[in-house]
Number of protein chains: 2
Amino acid sequence: MPKTTHRADRHPGSRYGNRPTMKDVAARAGVGLKTVSRVVNGEPGVTPDTERRVQEAIDALGFRRNDSARVLRKGRTASIGLVLEDLADPFYGPLSRAVEEVARSHGALLINGSSAEDPERERELALALCARRVDGLVVIPAGDDHRYLEPEIRAGVATVFVDRPAGRIDADVVLSDNFGGARDGVAHLIAHGHRRIGFIGDMPRIHTAAERLRGYRAAMEDAGIPVEDRWMSLGVTSPERVRRAAQEMLSEPEPVTAVFAGNNRVTVTVVRVLAEGSRQVALVGFDDFELADLLRPGVTVVAQDSAALGRTAAERLFRQLDGGLIAPERIELPTRLITRGSGELPPAG
Amino acid sequence: MPKTTHRADRHPGSRYGNRPTMKDVAARAGVGLKTVSRVVNGEPGVTPDTERRVQEAIDALGFRRNDSARVLRKGRTASIGLVLEDLADPFYGPLSRAVEEVARSHGALLINGSSAEDPERERELALALCARRVDGLVVIPAGDDHRYLEPEIRAGVATVFVDRPAGRIDADVVLSDNFGGARDGVAHLIAHGHRRIGFIGDMPRIHTAAERLRGYRAAMEDAGIPVEDRWMSLGVTSPERVRRAAQEMLSEPEPVTAVFAGNNRVTVTVVRVLAEGSRQVALVGFDDFELADLLRPGVTVVAQDSAALGRTAAERLFRQLDGGLIAPERIELPTRLITRGSGELPPAG
DNA sequence: TAGAGCCTGGACAACGTTGTCAGGTGCGCG
DNA sequence: CGCGCACCTGACAACGTTGTCCAGGCTCTA
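Remember, predicted model here, so these are calculated numbers, not experimental data.

This part covers the packing of helix α5 (residues 92-105) of chain A against helix α12 (residues 306-323) of chain A. All names here are of chain A. The interhelical angle for the contact between α5 and α12, taken along N-to-C directions, is 35°, at an axis separation of 7 Å. Where α5 crosses over α12, the handedness of that crossing is right-handed. Contacts between α5 and α12 involve Pro-94, Leu-95, Ala-98, Val-99, Val-102 and Ala-103 from the first element and Ser-306, Ala-307, Leu-309, Gly-310, Arg-311, Ala-314, Glu-315 and Phe-318 from the second. Split by residue class, the contact of α5 with α12 holds 10 nonpolar, two polar and two charged.

It is worth spelling out the domain arrangement of chain A at this point. Looking at the assigned domains, one finds that chain A contains domain 1 (17-65), domain 2 (77-175 + 306-333) and domain 3 (178-304). The distance between the C-alpha centroids of domain 1 of chain A and domain 2 of chain A comes to 37 Å.

This brings us to the protein's contact with DNA strand D. Not every one of the 31 residues close to DNA strand D is listed here, only the nearest: Arg73(A), Gly32(B), Thr35(B), Thr47(B) and Thr50(B). Here DNA strand D approaches the protein such that, of its atoms within 4 Å, sugar and phosphate make up 66%. The separation between a phosphate oxygen of DNA strand D and a polar side-chain atom of Thr47(B) is 2.6 Å. Measuring from a base nitrogen of DNA strand D, one finds a side-chain N or O atom of Arg73(B) at 3.4 Å. Of all the elements in the fold, those that place two or more residues in the surface near DNA strand D are α2 (33-40) and α4 (67-74) of chain A together with α2 (33-40) and α4 (67-74) of chain B. When residues of the surface near DNA strand D are assigned to their parent elements, the largest contribution, five residues, is made by α4(A). Residues belonging to the surface near DNA strand D are distributed by class as follows: eight nonpolar, 12 polar and 11 charged.

On to the relation of the copies chain A and chain B, then. For the pair chain A and chain B, the superposition axis carries a translation of 0.1 Å, the fit reaches an RMSD of 0.1 Å, and the rotation angle comes to 180°. Overall, the copies show the geometry of a two-fold rotation axis. Minimal C-alpha distance to the rotation axis in chain A is attained by Ile111(A), lying at 2.2 Å. Most of the interface of chain A is mirrored in chain B: 100% of its interface residues are interface residues there too.

Criteria and cut-off values
Residues numbered from 1 in each chain as written. Chains lettered and ligands numbered in written order. Predicted model: local features only at pLDDT ≥ 70, side-chain atom pairs only at ≥ 80, totals over all residues. Heavy atoms only, no water. Axes fitted to C-alpha atoms, helices over the stretch in contact; angles between N-to-C directions. Helix = DSSP H or I, 4+ residues; strand = E, 2+ residues; numbered from the N terminus. Left-handed = near helix turned anticlockwise from the far one by under 90°. Contact = heavy atoms within 4.5 Å. Nonpolar A, V, L, I, M, F, W, Y, C, P; charged D, E, K, R; others polar. Domains from an automatic or database assignment. Near = heavy atom within 4 Å. Polar contact = N/O pair within 3.5 Å; in protein donor to acceptor, adjacent residues only side chain to side chain. Least-squares fit on C-alpha atoms with pLDDT ≥ 70 in both.

Rendered as structure tokens:
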């Protein structure tokens, strides 16, 4: 008995009205399979007449090339992955968009996912993207151990980290100058006469938060001001806790006269607290945010260019892809102090 | 002469250090190819001992399943596409994130792209996603003719449109109640005593803009107020033009006493213009935005829930995928008027 | 007009995975 | 002790595409 082709195997697990393939197009146009491939890919060596026939068959059948099969054959997917913390965070929108634009200019698509600041989820996502055989990966780390990516990198997946460095592996990373930015911001407050300056920021295990704290300390030390513990509030993330921390600093016997906010979420909450109180307190925040100029007073910030972070990272990624291996590098982008009023208030009381 | 395996063909176009395949794992573990497949996919029917040997080989080689090949074989990609206007726009961040979460809960990845409000680019993107064989497509239309998607939909690509309806094809669409929201917002102004109310909005060829304009007219008509042409400014997009339009309305002999802003970009610019002037003008904006409550006065808005739009659309998409074909439906989500002060100002002058 | 060379088109294998089926082993039961 | 059954395991084809090679027809030149 001859082997039978098992009908049920022809389209396993598919509910689709079978899509036409190149074979179908070839049959309809009365040409060979490879000729269709040539037409679809614009390869030379097809007479105009044949090309026309093939094109007609394509249109008639509504054929669209199956890129999965193409990828399988060619080894490259023309897509890159982006793992970030939260797409809904306004900081990451422009970053993501910038990565997308660079990808687009290289003919690649962008697949992205949010880690929700969960290391395990970051890992899952990154590995899922690798299983899809993305050509490269841009990662905004949530975790601090990225050794799980070693086999992937060895296998040729270009990888660039953004915003925070990779943990326990040597890889390209693009950062803002968190230390310098924070130091400048705090120095700005000091220059306007403040000495009791509060710092509210994220957990120091997060690299950016640690660097900004270091910047704060450096500026204070440069000015010869000893920092008191009660001026610093670390690991504060939820709006409620930021609120409480700010209120505490402001209700001491010798309250702070200025606050440096470690990121935009903190800044916004502090603005709210200050708006409720009567005392005039200076404020500089890390990260710019929309409408900061419309508040009264306008909020002085240390701005980082999130689009530039994304663009730089993506360009670096494609340089890896085009040029083969290059030594991992750490690229630091400058921040910019934008004065709008809140940071120039003199100490009150 | 026997056929030779052409070495150059083994890894066409690939610069990778060859990735291990199931075959390699099988060889190393001393088992058959299919057994590896079974272990990788957690299929039953493998002795614990065999499983352990395979697992060790997997770890040793750093094997990761090639999902492209899997997709080719299975017909489903477990990924969906999202075509939106601009990821960097704060309105789309939460929407995109909501789609991602739903996708994730269905085990799917999200591939997204920005059309930059260009119909041709929308088309390219959507078709590129189809070529990747995404299982479904969520589209925020930039163009107004989506017949190009017909073959795809026929071939089984689930499709849902969001924010604006599809053009010239019959498909699922999830919208905000733009008409009702705008009517309520304008009625709110009328209820606070305004009669000369300006409207600044986008080009009426954009569905949302047209609907909001219709809502404005309806509210005015309900109140028996004849609308004057000079109160309406349509097709205004750039901040400069919004600025000019607002200034004109306010410098008429009989200036408007209130403005209804057709979207968040317009609202923000109008806030700026009003902040510069001395006259007190009421304002209601369509779309909420961060910090609207922190401005003085707080900005009253008609809020749409962009996350709910995304969530609803994605859920609908997966219902299509799970349940087969269902009749296209138009789902309209309610908007919510949030009063914060700017919309409750009485007419001045 | 014959031969050389070019151009077009097609046959075939291979990419890495999964579904199907068949073979083999060991165990329990009669 | 033998038969049947359950359970593992592996061989094989197929998914849709592209790279390579070859065949055949054409043109051009000597």
